[in-house]
Amino acid sequence: MPGRRVVVIGLAALLCGCAESIDDELARTLQDRLDSRHGHYLQDRSHDPYSTGREALESLDPYGYALKARVEGDSVVLVEAIGVRVQRGGGLSYEQRSLAACLEVTVEPGEGGRDRGHVRTEPVDCPDGVEVRDTMWVEGSAQELTTDLDGRSDGVPEPEPDRAVCHSGDDCTEGGG
């Protein structure tokens with residue numbers, strides 16, 4: 001019976017217009033993508049919070065995926081694109097929309113001790129002449145670009161401890177391996 005209740009509530013939400021609109025889903029999903037990229041840089045820096053200049057840039061963008069990258073003093077500034085695609089419906093009747101943004105990620109090194117550095121991620125206008133895809137591996141540009149996202153700014157945390165690795169159920173290492 002609980003399964004029926006969920007279906008009825010879901011149908012009621014759709015009929016009354018309470019379901020998330022495709023625009024809201026695009027915005028929420030793109031914000032999630034920004035948050036994920038910010039978290040990626042925080043985690044990456046947690047393992048190397050004190051590198052600066054070219055060394056830091058090579059660590060943060062080893063494959064050159066950033067649209068723009070520069071070193072400003074000891075800090076690194078990257079501009080990268082993110083995008084999402086949402087599809088509703090199926091068969092011959094579906095709606096597909098995409099939304100993308102460019103992010104400026106500023107990574108400042110720590111000075112030692114408790115200061116492990118800082119990462120700031122915020123939406124910016126995309127560089128002129130850049131075609132922003134809605135997803136990384138799909139051809140075609142996003143239908144719409146936005147800067148209407150919430151930026152993030154956090155101090156670099158301590159790295160998460162390595163988990164023990166066990167082989168054959170009883171041969172474990174401390175700290176991974």
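One can find the structure itself at the top, above this paragraph.
As the structure is a computational prediction, the values presented were derived from the model and not from experiment. (Residues numbered from 1 in each chain as written. Predicted model: local features only at pLDDT ≥ 70, side-chain atom pairs only at ≥ 80, totals over all residues. Heavy atoms only, no water.)

### Description of the packing of aromatic side chains
Aromatic ring pairs are defined here through the distance separating the ring centres and the angle between the ring planes.
Next, step 1: Counting across every chain of the model gives one aromatic pair.
Next, step 2: Taken together, a centroid distance of 5.9 Å and an interplanar angle of 40° make the contact between tyrosine 63 and tyrosine 65 tilted. You'll find tyrosine 63 and tyrosine 65 in the same group, each marked exposed. (Phe/Tyr/Trp six-rings, centres within 6.5 Å; stacked < 30°, edge-to-face > 60°. Buried < 20%, exposed > 50% of the residue type's maximum accessible area, 1.4 Å probe, protein only.)

### Some details on the pattern of salt bridges
Next, step 1: Taken as a whole and assessed by the stated rule, the structure comprises eleven salt bridges.
Next, step 2: Here arginine 70 makes a salt bridge to glutamate 72, at a shortest N to O gap of 2.6 Å.
Next, step 3: Judged by relative accessible area, glutamate 72 falls into the partly exposed class, the value being 41%.
Next, step 4: We note a salt bridge from arginine 70 to glutamate 104, for which the minimum N-O separation is 3.7 Å. Placement of arginine 70 in strand β1 (residues 68-72) and of glutamate 104 in strand β3 (residues 93-112) is noted, with a sequence separation of 34 residues between them.
Next, step 5: A relative accessible area of 18% places glutamate 104 in the buried class.
Next, step 6: The structure contains a network of salt bridges with shared partners spanning Glu20, Arg28 and Asp32. (Salt bridge = Lys/Arg side-chain N within 4 Å of Asp/Glu carboxyl O. Helix = DSSP H or I, 4+ residues; strand = E, 2+ residues; numbered from the N terminus.)

### A short note on the pairing of strand β2 (residues 75-90)
Next, step 1: Pairing of β1 with β2, which is carried by five bridges, proceeds in the antiparallel orientation. Its bridge partner being in β2, glutamate 72 is matched across the sheet by serine 75.
Next, step 2: Between β1 and β2, which follow one another and run antiparallel, lie two residues, and glycine 73 among them has a positive phi close to 65°.
Next, step 3: Turn length for the β2-β3 hairpin, with the two strands adjacent in sequence and antiparallel, is two residues, and the turn residue glycine 91 shows positive phi of about 65°. (Pairing = 2+ DSSP bridges.)

### Topic: the side chain of threonine 121
Next, step 1: Mapped onto the fold, threonine 121 is located in strand β4 (residues 115-124).
Next, step 2: Separated by 2.7 Å, the side chains of threonine 121 and histidine 38 make a polar contact.
Next, step 3: Setting aside residues up to four positions removed in sequence, threonine 121 forms contacts with Leu34, His38, Leu103, Glu104, Val105, Gly151 and Arg152. (Polar contact = N/O pair within 3.5 Å; in protein donor to acceptor, adjacent residues only side chain to side chain. Contact = heavy atoms within 4.5 Å.)

### Looking at the environment of proline 127
Next, step 1: By the secondary structure assignment, proline 127 is in the loop between β4 and β5 (144-145).
Next, step 2: Counting along the chain gives 48 residues from proline 127 to valine 79, while the straight-line C-alpha distance between them is 8.6 Å.
Next, step 3: Apart from residues lying up to four places away in sequence, proline 127 is in contact with Leu67, Lys68, Val79 and Cys102.

### A few points about the pairing of β3
Next, step 1: Pairing between β2 and β3: 15 bridges, direction antiparallel. Looking across to β3, one finds that valine 77 is bridged to threonine 106.
Next, step 2: Note that β3 and β5 share two bridges and pair parallel. Bridge pairing in β5 links leucine 99 to glutamate 144.
Next, step 3: With nine bridges joining them, β3 and β4 adopt antiparallel strand pairing.

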